[in-house]
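Read off the chains here:
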Amino acid sequence: MIIVNGHLKLPVASQDQAMDAMNTLITATRAEDGCIRYAFARDLLDPEIVHVTEAWESAEALKAHGQAPHMAEFGKVAATLGITERDIKMHEADGGIPL
């Protein structure tokens, strides 16, 4: 399993446009083969932070996601949002232990 997590920092003024693009991206991505989880969430204490959480069946599925047309479309929108920070990392993991 591949876990991807991190955050983006974008101005509050861009967030309505960002959320529309993210909703489109999330819907398309969740339909992809190998996608277990794909979500964005606003930080409760810092309104400019958006957390990214993903889980994929394999590195190959994540690679295919990166080449998907909806990722290219999102990239075009993201370039206009004024993102000032992007810290997103991939981790290999097993299925985990329920808490």
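Residues numbered from 1 in each chain as written. Predicted model: local features only at pLDDT ≥ 70, side-chain atom pairs only at ≥ 80, totals over all residues. Heavy atoms only, no water.

**Q** Pulling in residues and values, what's your account of helix α1 (residues 15-30)?
**A** End to end, α1 covers 21 Å across 16 residues, agreeing with the expected 22 Å (1.5 Å per residue, within 8%). Listing the buried residues of α1 in full gives Q15, A18, M19, A21, M22, L25, I26 and T29. Buried residues in α1, looked at end-on, bunch into an arc of 170°, giving them a common side. In α1, those exposed residues whose orientation departs by more than 90 degrees from the buried face are D16, D20, T24 and T27. Buried positions along α1 lie against β1 (2-9), β2 (35-42), β3 (49-56), α2 (59-66) and α3 (69-78). (Helix = DSSP H or I, 4+ residues; strand = E, 2+ residues; numbered from the N terminus. Expected span 1.5 Å × (residues − 1). Buried < 20%, exposed > 50% of the residue type's maximum accessible area, 1.4 Å probe, protein only. Arc of directions from axis to C-beta. Contact = heavy atoms within 4.5 Å.)

**Q** I'd like a rundown of the packing of aromatic side chains, residues and numbers included.
**A** According to the stated counting rule, one finds 3 aromatic pairs in the structure shown. Ring geometry for F40 against F74: centres 6.5 Å apart, planes inclined by 25°, an arrangement best described as stacked. Taken together, the residues span a long stretch of sequence, with F40 in strand β2 and F74 in helix α3 at a distance of 34 residues. The same class applies to F40 as to F74, namely buried. (Phe/Tyr/Trp six-rings, centres within 6.5 Å; stacked < 30°, edge-to-face > 60°.)

**Q** A description of the side chain of H70 should follow, citing residues and the corresponding values.
**A** Relative to the helices and strands, H70 is located in helix α3. In terms of polar contacts, H70 uses its side chain to reach the side chain of E32, at 2.6 Å. Residues contacting H70, with those up to four places away along its chain left out, are L25, A28, T29, E32 and H65. (Polar contact = N/O pair within 3.5 Å; in protein donor to acceptor, adjacent residues only side chain to side chain.)

**Q** Could you give an account of the sheet that holds strand β4 (residues 85-92), with specific residues and numbers?
**A** With antiparallel pairing, the 4 strands of this open sheet are ordered in space as β2-β3-β1-β4. Edge positions in the open sheet fall to β2 and β4, since each of these has one partner strand only. Neighbouring strand axes in the sheet, compared pairwise and without regard to direction, differ in orientation by 10° on average. One ladder, built from 7 bridges, connects β2 with β3; its direction is antiparallel. Across the sheet, residue A41 finds its bridge partner in β3, namely H51. (Pairing = 2+ DSSP bridges. Axes fitted to C-alpha atoms, helices over the stretch in contact; angles between N-to-C directions.)

**Q** Break down α2 for me, citing the residues and quoting the values.
**A** Looking at α2, one finds that the buried residues are A61, L62 and H65. Take α2 and look down its axis: the buried residues cluster within an arc of 100°, on one side only. For α2, the exposed residues set more than 90 degrees away from the buried face come down to E60 and K63. Tucked inside the fold, the buried residues of α2 contact β1, α1, β2, β3, α3 and β4.

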